[in-house]
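So you can see what is in the structure, the chains are spelled out below.
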Amino acid sequence: MKRPLEPSQTGLHRVVGLTDGVFAIALTLIVLEIRVPAHEAIRSEHDLLAAIAALAPRFLTYALSFLTLTIFWFGQQAQHGLIARSDRRLATLNLCFLAFIALLPFSTDLLADFLEFRTAVLVYWLNLLMLGVTLSASWHYADKSGFAAEDLDAETKRMVYLRIVKAQVLWAVGAALCLISPLLSVGFMLVVQLVYAISPRAALVRKIIG
């Protein structure tokens, strides 16, 4: 009979299924915050255009968070593709990661409502930071516990760590820019997300997860 903490492939598959579900919910929630203007407030084309323009901060933060979720989904799936087994401790680390994924709609909504405030930018950045920390911790535990695939080379392991660290450094730079302008900070982070989403390394991650 299996012990509760004994590594297994079944445990990994259950974590993967839960991960996809949480990401799907988070992706849905961030778009639900973009609400259609109230019909009674619109009496002309100008009113409608003005109402849509007023939604610009929400479209901006939606794009930012959609890219964030896309990048972290690819990163998480890449890790799952490189890990052969899971135990309760690794599952717990993955749940901690998913807890911060579930928090992203809140930090996105806060940023959209208070785009001109540094505090809103810093809360969003802290969400990104904790996503990176928990993702890195789960990979470190899997690597040190011998759960990684047997044919995994040292270069691939190094690439996983390096990709997380590089992204976190760039996001930290973006967060620091809020001292100059919160909007500049968000713009910089959005550019970083775009670069990461279309970079050759992102293509490599997609190749790893099949």
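What counts, and where the lines are drawn
- Per chain, residues are indexed from 1 in the order of the written sequence.
- For this predicted model, a pLDDT threshold of at least 70 governs which residues receive local features, and a threshold of 80 or more governs which side-chain atom pairs are given and counted, while totals over whole chains, interfaces and linings are taken from all residues.
- Computation of side-chain values: all heavy atoms of the structure, hydrogens and water removed.
- pLDDT expresses how confident the predictor is about each individual residue, on a scale running from 0 to 100.
- Numbering goes from the N terminus for both helices and strands, where a helix is a DSSP run of H or I of at least four residues and a strand is a run of E of at least two.
- Whether two residues are in contact is decided by their heavy atoms, any of which lying within 4.5 Å being enough.
- A simple rule labels every residue: compare its accessible area, found with a 1.4 Å probe on the protein chains alone, to the largest value its type can have, and call it buried under 20%, exposed over 50%, or partly exposed in between.

Draft legend 1. How the structure looks around the confidence of the model for the protein chain. Taken over all residues, the pLDDT of the protein chain has a mean of 83, while the share at 70 or more is 88%. Taken element by element, the protein chain is modelled with least confidence in helix α8 (residues 200–208), mean pLDDT 47, and with most confidence in helix α5 (residues 118–144), mean pLDDT 93. In this model residues 1–5 is a low-confidence stretch, pLDDT under 50, and it forms seven contacts with partners more than four residues away in sequence or in other chains. Per-residue pLDDT stays below 50 along residues 203–210; that stretch engages in 14 contacts with residues further than four places along the chain or on separate chains.

Draft legend 2. A look at the environment of Asp143. Its location among the elements puts Asp143 in helix α5. For Asp143, a relative accessible area of 17% gives the class buried. Spatially, the C-alpha atom of Asp143 lies 8.1 Å from that of Lys157, the residues being 14 residues apart in sequence. Sequence-distant contacts of Asp143, defined by excluding residues within four places in its chain, comprise Lys157 and Tyr161.

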